[in-house]
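# Summary of the model geometry
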Amino acid sequence: KAGVTQTPRYLIKTRGQQVTLSCSPISGHRSVSWYQQTPGQGLQFLFEYFSETQRNKGNFPGRFSGRQFSNSRSEMNVSTLELGDSALYLCASSPPGLAGLIQYFGAGTRLSVL
Amino acid sequence: SQQGEEDPQALSIQEGENATMNCSYKTSINNLQWYRQNSGRGLVHLILIRSNEREKHSGRLRVTLDTSKKSSSLLITASRAADTASYFCATDYNQGGKLIFGQGTELSVKP
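What comes next concerns the included structure.

How each quantity is defined
- Residues numbered from 1 in each chain as written.
- Chains lettered and ligands numbered in written order.
- Predicted model: local features only at pLDDT ≥ 70, side-chain atom pairs only at ≥ 80, totals over all residues.
- Heavy atoms only, no water.
- Salt bridge = Lys/Arg side-chain N within 4 Å of Asp/Glu carboxyl O.
- Buried < 20%, exposed > 50% of the residue type's maximum accessible area, 1.4 Å probe, protein only.
- 1 Å grid on protein atoms, 1.4 Å probe; cavity = no way out; pocket = protein on both sides within 12 Å on 5 of 7 lines; lining within 4 Å.
- Points joined across faces, edges and corners; volume = space filled by probe spheres on them.
- Helix = DSSP H or I, 4+ residues; strand = E, 2+ residues; numbered from the N terminus.
- Nonpolar A, V, L, I, M, F, W, Y, C, P; charged D, E, K, R; others polar.
- Polar contact = N/O pair within 3.5 Å; in protein donor to acceptor, adjacent residues only side chain to side chain.
- Contact = heavy atoms within 4.5 Å.
- Pairing = 2+ DSSP bridges.
- Axes fitted to C-alpha atoms, helices over the stretch in contact; angles between N-to-C directions.

## Quick notes on the pattern of salt bridges
One pass over the full model with this rule turns up seven salt bridges over all chains. One salt bridge connects Arg73(A) with Glu75(A), and the closest N-O pair in it is separated by 3.4 Å. Across the pair Arg62(B) and Glu55(B) runs a salt bridge, and its minimum N-O distance is 3.3 Å. When its relative accessible area of 30% is taken as the criterion, Arg62(B) is described as partly exposed.

## Concerning the layout of surface pockets
In this model, the largest pocket occupies a volume close to 470 Å³. Lining the largest pocket are 21 residues, and of these Gln37(A), Thr38(A), Pro39(A), Ser86(B) and Phe88(B) lie nearest its centre. The set of elements that each furnish at least two residues to the lining of the largest pocket consists of strand 4 (31–38), strand 5 (42–50) and strand 9 (87–94) of chain A together with strand 9 (85–91) and strand 11 (105–110) of chain B. Sorting elements by how many residues they give to the lining of the largest pocket places strand 9 of chain B first, with three residues. Here the lining of the largest pocket is built from residues that sort into six nonpolar, 13 polar and two charged.

## Some thoughts on the side chain of Thr38(A)
Residues and elements named next belong to chain A. Its place among the elements puts threonine 38 in strand 4. In terms of polar contacts, threonine 38 uses its side chain to reach the backbone amide nitrogen of glutamine 41, at 3.1 Å. Discounting chain neighbours no more than four positions away, the residues touching threonine 38 are Ser86 and Ala87.

## Details of the sheet that holds strand 8 (residues 74–78) of chain A
All names here are of chain A. A sheet is described by the order of its strands in space; here four strands give the open sequence 1-3-8-7, paired in antiparallel fashion. Each end of this open sheet is capped by a strand with a single partner; those strands are strand 1 (5–7) and strand 7 (64–68). In this sheet, adjacent strand axes meet at a mean angle of 15° when their direction is disregarded. In this sheet, strand 8 lies alongside strand 3 (residues 19–24) in antiparallel orientation, the contact comprising five bridges. In the sheet register, cysteine 23 faces strand 8, and the bridge partner there is serine 74.

## With respect to the pairing of strand 4 of chain A
All names here are of chain A. Counting buried positions over the eight residues of strand 4 gives eight, a clear majority of the element. Where strand 4 meets strand 5, eight bridges bridge the pair, whose relative direction is antiparallel. Counterpart to glutamine 36 in the pairing with strand 5 is glutamine 44. Taking the residues between adjacent antiparallel strands as the criterion, strand 4 and strand 5 are bridged by three residues. Note: strand 4 against strand 9, seven bridges, orientation antiparallel. Counterpart to tyrosine 35 in the pairing with strand 9 is leucine 90.

Here it is as structure tokens:
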């Protein structure tokens, strides 16, 4: 089975731009969670989607949004980028029956905001 | 913040030695997990321990959970250079899909 795939792996943007990151979960997984990792704040939960519905949301401003499609693929969008949004963005999926419990992570998208 | 504390923040040992990492959390939990991350890449799930378990083993890994002290420890026995990574504890605080991670322990195993 293929693992969690995140695209692109690297992104460079400038302040004020917007960005969309993509995540394809493991086949059969319906729960997808997103995390932001920075040296200062560590790993922080952004949001979680299950069957196209947002079930949980972290403490991030409204510039951070996401969605999930009927095939469980998910995207997250960050609008009006700020320098502090530079981070590794990780997506994770969970198998049915263990929704959200054990998470399988992608390699991440490293976003640099200049 | 709900994030737990991990200590030490960094640990450097020789191959063959044991490595112990500790994690404390803040409120009652149903389960606690440990993950490994190799140099800024994705995390890999190592082991999950439920609140009614005190100890769990997986290969060279041993995890303990003390719910009275709200703490857990991860022991890696006979460490190898390939164990060099950051190790994180995490719990969902009963909110499925939302993992709260500790700050992590950076382990360096020297050959």
